[in-house]
Amino acid sequence: MSLHDDAALVLKGYEDQADLRQAYLDHLAAHPDGMWKSCEAGHITASALVIDPSGERVLLTLHRKLRMWLQMGGHCEPVDTSLEAAALREATEESGVTGLTLLPGGPVRLDRHPIPAPCHWHFDVQYAALAPSGAVEAISEESLDVRWFAYGEVADVADESVVRLLEATRARL
């Protein structure tokens, strides 16, 4: 199965985000390269909100280019066999935490957001990942910092997209 097919299958469960789901599917139908960073009209990305084992904090990254606190995530790569694999790979790379496990049930939500040129949109498929006990985070090349935040602190440091992802994740926990 290709990542393109995987994206179409995964998105079937998002009736509460039906318009956004349809935008993703329309994008993929119009752009055969819509999974990849090279698609300047926009592309699918995969991310994961990392939750600590106690379920009281999330690990965010201060993105080097955007200078915003965000969940871990990024572009799909040819080595990724699924969107889940891409999200888990990105979360591990950007957090430095090994042994992450995605919450069951597939993606937590979808989010589409504009990004600086040359690309125009990220169609982000958002997951949540549980960190193992004793997890040690590390700053990656893509980050200025990584830090644990209590749930109540997230709205003070991150944008609405991250807050919506946290709310959806907490509802799933």
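Residues numbered from 1 in each chain as written. Predicted model: local features only at pLDDT ≥ 70, side-chain atom pairs only at ≥ 80, totals over all residues. Heavy atoms only, no water.

K.L.:
Could you give an account of the layout of surface pockets, naming the residues involved and the relevant values?
P.N.:
For the largest pocket, the calculated volume is near 840 Å³. Forming the boundary of the largest pocket are 35 residues, of which His-63, Leu-66, His-75, Ile-115 and His-122 lie nearest the centre. For the lining of the largest pocket, the secondary structure elements donating two or more residues are β1 (43-51), β2 (57-63), β4 (72-75), α3 (83-95), β6 (109-114), β7 (121-130) and α5 (160-172). Looking at the lining of the largest pocket residue by residue, the classes come out as 12 nonpolar, 12 polar and 11 charged. (1 Å grid on protein atoms, 1.4 Å probe; cavity = no way out; pocket = protein on both sides within 12 Å on 5 of 7 lines; lining within 4 Å. Points joined across faces, edges and corners; volume = space filled by probe spheres on them. Helix = DSSP H or I, 4+ residues; strand = E, 2+ residues; numbered from the N terminus. Nonpolar A, V, L, I, M, F, W, Y, C, P; charged D, E, K, R; others polar.)

K.L.:
How would you summarise the nonpolar core if you had to cite specific residues and measurements?
P.N.:
By size, the foremost hydrophobic cluster in this structure holds 25 residues, and its most contacted members are Tyr-24, Ile-44, Val-50, Leu-59, Leu-83, Leu-100 and Val-125. Breaking this core down by element, the ones donating at least two residues are α2 (18-30), β1, α3, β7 and β8 (143-150). By size, the runner-up hydrophobic cluster in this structure holds 18 residues, among which are Ile-51, Trp-69, Val-108 and Phe-149. (Core = buried A, V, L, I, M, F, W, Y, C linked by side-chain atoms within 4.5 Å. Buried < 20%, exposed > 50% of the residue type's maximum accessible area, 1.4 Å probe, protein only.)

K.L.:
Account for the pairing of β7, naming residues and giving values.
P.N.:
Burial analysis of β7 places eight of its 10 residues in the buried class, the great majority of the element. Examined bridge by bridge, β1 and β7 share nine bridges and lie parallel to one another. Residue Val-50 lies in a different strand from β7, and its bridge partner there is Ala-129. Examined bridge by bridge, strand β5 (residues 101-102) and β7 share two bridges and lie antiparallel to one another. Residue pairing for β7: Leu-102 is matched across the bridge by Ala-129. Two successive antiparallel strands, β6 and β7, enclose a turn made up of six residues. (Pairing = 2+ DSSP bridges.)

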